[in-house]
Amino acid sequence: MSVPDLKTIQSLAEVPDGALPINPGSIEVTPEGVLGIAKPPRPCKLTFMADGLPFNVAVRHEGPEDGGGSICQIWADVGHVPYTAQAPERRRALLAVLRGIEGLPHVRFIVQGGQKIILFSEIRLEHHASPEDLFHQTTLVLQEARPFLRLLGQYL
């Protein structure tokens, strides 16, 4: 067994974020035989624009005690349901469309507080989410939601 160099010893001496106390899974050996600190992937948050809406993406990684997977969420604020006094016909039509949009495999449209319309998607992965996973899920959400966003846009 080779003796670790000073840089490796120094990295092991640094206090890793959230890794105290050190447990058996805190230190790993790389394929090259170098000791290192096993840091779980950090959660991430992203935003992007599509069809004129700001979308949000959040990824949270679970610890080994929870299965070690990831939870990916994508959401967007679509708009608001008008009050009955403002536009009764638009309100009825919009709520009828929203009631008709149920059972989609990747997307849900949620009316929060009776007014705010949110597009929401969540997927649980059994592994840590990769950029390819996020891109795939985002593409599925946009493909599935786009026709309904166009339909809802007529009434917003």
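Heads up: these notes are all about the structure in this document.

1. What to know about the overall build of the protein chain
Phase 1 of the analysis: The number of helices and strands found in the protein chain is three helices and seven strands.
Phase 2 of the analysis: Listing the helices and strands of the protein chain from first to last along the sequence gives α-β-β-β-β-β-α-β-β-α.
Phase 3 of the analysis: Expressed as a percentage of the 156 residues in the protein chain, the buried residues total 32%.
Phase 4 of the analysis: Sequence separation of at least 24 residues holds for 53% of the intrachain contacts in the protein chain that already meet a minimum separation of 6.
Phase 5 of the analysis: With an accessible surface of roughly 10,500 Å², the protein chain has 57% of that area assigned to carbon and sulfur atoms.

2. Overview of helix H3 (residues 131-153)
Phase 1 of the analysis: The largest bend in H3 is about 40°, located at Ala145, with the proline Pro147 one to four residues further on.
Phase 2 of the analysis: What H3 keeps buried is the set Leu134, Gln137, Thr138, Val141, Leu142, Glu144, Ala145, Leu149 and Leu152.
Phase 3 of the analysis: Packing partners of the buried residues in H3 comprise strand S3 (44-50), strand S4 (53-61), strand S5 (70-80), helix H2 (88-100), strand S6 (108-112) and strand S7 (116-125).

3. With respect to the pairing of S5
Each regular strand carries side chains that alternate between the two faces of the sheet.
Phase 1 of the analysis: The pairing of S4 with S5 spans seven bridges and is classified as antiparallel. Following the sheet pairing, Val57 is matched in S5 by Ile74.

4. So, the nonpolar core
Phase 1 of the analysis: Of all hydrophobic cores here, the largest spans 26 residues; its most connected members are Phe55, Val78, Phe109, Leu119, Leu149 and Leu152.
Phase 2 of the analysis: The biggest single contributor to this core is H3, with six residues.

5. Focus: the environment of Phe120
Phase 1 of the analysis: Mapped onto the secondary structure, Phe120 falls in strand S7.
Phase 2 of the analysis: For Phe120, a relative accessible area of 16% gives the class buried.
Phase 3 of the analysis: With 21 residues separating them in the primary sequence, Phe120 and Val141 have C-alpha atoms 8.8 Å apart.
Phase 4 of the analysis: With residues up to four places along the chain from it excluded, the contact list for Phe120 reads Gln73, Ile74, Trp75, His106, Val107, Arg108 and Ile110.

6. Looking at the side chain of Gln137
Phase 1 of the analysis: Residue placement: Gln137 occurs in helix H3.
Phase 2 of the analysis: If we ignore the near neighbours within four places in the chain, the residues touching Gln137 are Ile74, Ser121 and Ile123.

7. A few points about the sheet that holds S3
Phase 1 of the analysis: Spatially, the five strands line up as an open sheet ordered S3-S4-S5-S7-S6, and their pairing is antiparallel. Every interior strand has two partners, whereas the edge strands, S3 and S6, have only one. The sheet shows a mean angle of 25° between the axes of neighbouring strands, direction not considered.
Phase 2 of the analysis: When S5 meets S7, the two strands line up antiparallel, connected through ten bridges. Looking at S7, one finds that Trp75 is bridged to Phe120.
Phase 3 of the analysis: Running at roughly 155° to S7, H3 makes contact with S3, S4, S5, S6 and S7 of the sheet.

8. Comments concerning the pattern of salt bridges
Phase 1 of the analysis: If you walk through the whole model with that rule in mind, you get four salt bridges.
Phase 2 of the analysis: The partner of Arg146 in a salt bridge is Asp51, with the nearest N and O atoms 2.8 Å apart. You can see Arg146 sitting in helix H3 and its partner Asp51 sitting in the loop between S3 and S4, a full 95 residues away along the chain.
Phase 3 of the analysis: Accessibility expressed as a relative area gives 43% for Asp51, which makes it partly exposed.

Procedures and definitions
- Residues numbered from 1 in each chain as written.
- Predicted model: local features only at pLDDT ≥ 70, side-chain atom pairs only at ≥ 80, totals over all residues.
- Heavy atoms only, no water.
- Helix = DSSP H or I, 4+ residues; strand = E, 2+ residues; numbered from the N terminus.
- Buried < 20%, exposed > 50% of the residue type's maximum accessible area, 1.4 Å probe, protein only.
- Contact = heavy atoms within 4.5 Å.
- Areas by Shrake-Rupley, 256 points an atom, 1.4 Å probe, with all protein chains shown as cover.
- Bend = angle between axes of the 7 residues up to and from the residue.
- Pairing = 2+ DSSP bridges.
- Core = buried A, V, L, I, M, F, W, Y, C linked by side-chain atoms within 4.5 Å.
- Axes fitted to C-alpha atoms, helices over the stretch in contact; angles between N-to-C directions.
- Salt bridge = Lys/Arg side-chain N within 4 Å of Asp/Glu carboxyl O.

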